[in-house]
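Overview (structure and organization)
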Amino acid sequence: MSTTLDVSRRAAAQAQPNIALIKYWGKRDLRLNLPVVGSLSITLDTLWTRTEVRFDDALSADTMTLNGKVDAKQLKRTSACLDLLRARAGVTSRAEVISENNFPTGAGLASSASGFAAMIMAGDAALGLKLTPAEQSVLARRCSGSAARSIFGGYVEWAHGQQADGEDSVATPLLEASAWPLSVAVAITSTAEKAIGSTVGMNRTADTSPYQQAWIDSQDADLAEARAAIAARDFERLADISEHSCLKMHALALAAKPGLLYWNAATVAAMHCVRSLRAKGVPVFFTIDAGPQLKAVCLPSAAAAVAAALREVPGVLNVVETGLGGPARLIAVADLAAA
Ligand code: PMV
């Protein structure tokens, strides 16, 4: 009598994007994906990536499907991420990865953060590795820096780290979402994929921007200020330091050669809209990543007014409202099929 081994191992996970309030920009080690600066973020709630990973010895190559379409462009990064899990588990099996985003991919909405956090968590479970959240964060960081933060919910800090092997460049949760619930309105001004990805942008900045050293030198003070604002639940203080960090990151990147301009006209109009709301006493500030979307962060009492004002801004296509969310988590494989 012959026995058939079940060589198929699968699991699914959900992770949400995070938005950095104190920005990460620049790598000190390309292979290990180590940052030149620490960063601090908030994890979102209603935007998500759901990913199923299935390792199967019968497969001859990894496959990646995103939103129902084979994604050849993401396959190299996906395989590199799966290789980290395979190395941990000591297996060579190829995997099928099926992923769904409920928001635009590659347009500055941190789809790589939620995507790789979900993939690491699902792959960990599929292979039975039983990694701790900190270990998952380290592996997610190797795939996409900001993914290190999406393993955790609420307010999260990703440490610069000191070790050459990067094992201490890991994210840690600072405060749960429910301890200081903020609202976020994402003003979508374009659904096109960005022309220059963050790695290319960061490397060009490091090579050519005259402000790179000043950026590195001033980051620890910004992080300390944001930490203190969060500990004191001081919205004005968090607003000031977050807008400063955002504008400083863009100034740094704008000064690269050639300059990196991630904003469009609607992004700038939305910045003015948020500034004028704040001048009228509305508790809101903006932040913008390597793309044209503006994220307005506000106290929940102001959420409806902020979203309504952003909807009136010429060129704003849509406003997505969300709160702060929890950590990445395993989900039933059937939940992904139902998505
Ligand atoms: O880790 P990446 O490649 O998604 O880079 C993220 C860069 C920013 O979004 C601009 C800043 C940040 O800290 O998330």
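Report on the accompanying structure. (Residues numbered from 1 in each chain as written. Predicted model: local features only at pLDDT ≥ 70, side-chain atom pairs only at ≥ 80, totals over all residues. Heavy atoms only, no water.)

**Digging into the overall build of the protein chain**
- In terms of helices and strands, the protein chain carries 10 helices and 16 strands.
- With respect to the three principal axes, the spread of C-alpha positions in the protein chain is 80 × 40 × 40 Å.
- Looking at the protein chain as a whole, 54% of its 339 residues qualify as buried.
- Put simply, of all contacts in the protein chain between residues at least 6 apart along the chain, 76% involve residues at least 24 apart.
- Split by element, the accessible area of the protein chain, about 13900 Å² in all, is 56% carbon and sulfur.
- In the protein chain, which carries 32 positive and 32 negative side-chain charges, the distance between the mean positions of the two groups comes to 3 Å. (Helix = DSSP H or I, 4+ residues; strand = E, 2+ residues; numbered from the N terminus. Buried < 20%, exposed > 50% of the residue type's maximum accessible area, 1.4 Å probe, protein only. Contact = heavy atoms within 4.5 Å. Areas by Shrake-Rupley, 256 points an atom, 1.4 Å probe, with all protein chains shown as cover. Lys, Arg positive; Asp, Glu negative; His and termini not counted. Charge placed at Lys NZ, Arg CZ, Asp CG, Glu CD.)

**Observations concerning the state of the cysteines**
- Going through the model one piece at a time under the given rule, you end up with zero disulfides.
- This cysteine, cysteine 273, is not joined by any disulfide, and cysteine 298 carries the nearest cysteine sulfur, 11 Å off.
- A relative accessible area of 13% means that cysteine 273 is categorised as buried. (Disulfide = S-S within 2.5 Å.)

**Some remarks on the packing of helix α6 (residues 212–231) against helix α7 (residues 235–254)**
- Remark: α6 packs on α7, axes separated minimally by 9 Å, with the N-to-C direction vectors making an angle of 160°. By the angle between their directions, the pair α6 and α7 is classed as roughly antiparallel. Classified by chirality, the crossing of α7 by α6 is left-handed. Of the residues in α7, those in contact with Gln212, Trp215, Ser218, Asp222, Glu225, Ala226, Ala228, Ala229 and Ile230 of α6 are Arg237, Leu238, Ile241, His244, Ser245, Lys248, Met249 and Leu252.
- Broken down by class, the residue content of the contact of α6 with α7 amounts to nine nonpolar, four polar and four charged. (Axes fitted to C-alpha atoms, helices over the stretch in contact; angles between N-to-C directions. Parallel < 35°, antiparallel > 145°, perpendicular 65-115°, else oblique. Left-handed = near helix turned anticlockwise from the far one by under 90°. Nonpolar A, V, L, I, M, F, W, Y, C, P; charged D, E, K, R; others polar.)

**Some details on the side chain of threonine 322**
- Note that threonine 322 resides in strand β15 (residues 318–323).
- A polar contact is formed between the side chain of threonine 322 and the backbone nitrogen of aspartate 45, at a distance of 3.2 Å.
- Within polar-contact distance, the side chain of threonine 322 engages the backbone nitrogen of threonine 46 at 3.0 Å.
- If sequence neighbours within four positions are ignored, threonine 322 has contacts with Leu44, Asp45, Thr46, Ser183 and Val184. (Polar contact = N/O pair within 3.5 Å; in protein donor to acceptor, adjacent residues only side chain to side chain.)

**Observations regarding helix α3 (residues 133–143)**
- Every buried residue of α3 is accounted for by Gln136, Ser137, Val138, Leu139, Ala140, Arg141 and Cys143.
- At its buried positions, α3 is contacted by β4 (34–35), α1 (75–89), α2 (111–127), α4 (147–150), β10 (155–158) and β11 (171–175).

**Considerations on the nonpolar core**
- In terms of nonpolar packing, the biggest core is built from 48 residues, with Trp25, Val53, Phe55, Leu82, Leu85, Ile120 and Trp215 touching the most fellow members.
- Of the residues forming this core, the biggest block, nine residues, is contributed by α2.
- Judged by nonpolar contacts, the second largest core, of 27 residues, contains Leu44, Ala177, Val184 and Leu238. (Core = buried A, V, L, I, M, F, W, Y, C linked by side-chain atoms within 4.5 Å.)

**Observations concerning the site of the ligand**
- Near the ligand lie 14 residues; those nearest to it are Ala20, Tyr24, Ser146, Arg149 and Ser198.
- Contacts to the ligand include serine 112, whose side-chain N or O atom sits 3.3 Å from an oxygen atom.
- The contact in question runs from an oxygen atom of the ligand to an N or O atom on the backbone of glycine 145, over 3.3 Å.
- Surface burial for the ligand is 92%, taken as the share of its 380 Å² of free accessible area covered by protein chains.
- Each residue belonging to the shell around the ligand can be placed in one class, and the counts come to six nonpolar, five polar and three charged. (Near = heavy atom within 4 Å.)

**Some details on the sheet that holds strand β14 (residues 294–298)**
- In space, the four strands of this open sheet follow the order β13-β14-β12-β15, with antiparallel pairing throughout. Both edges of this open sheet fall to β13 (284–287) and β15, since each of them pairs with a single strand only. Mean inter-strand twist for the sheet, computed between neighbouring axes without regard to direction, equals 25°.
- Bridge analysis of strand β12 (residues 183–188) against β14 gives five bridges, and the strand direction is antiparallel. Looking at the pairing, valine 186 lines up with lysine 295 of β14.
- Packed onto the sheet, helix α9 (residues 303–311) meets β12, β13, β14 and β15 and runs at close to 160° relative to β15. (Pairing = 2+ DSSP bridges.)

**With respect to helix α5 (residues 198–208)**
- Taken together, the buried positions of α5 are occupied by Gly201, Met202 and Thr205. Taken around the axis of α5, the buried residues stretch over an arc of 100°, which confines them to a single face. Turned more than 90 degrees from where α5 packs its buried face, Val200 and Asp207 sit exposed.
- Of the surrounding elements, those touching the buried residues of α5 are β3 (27–29), α6 and α7. (Arc of directions from axis to C-beta.)

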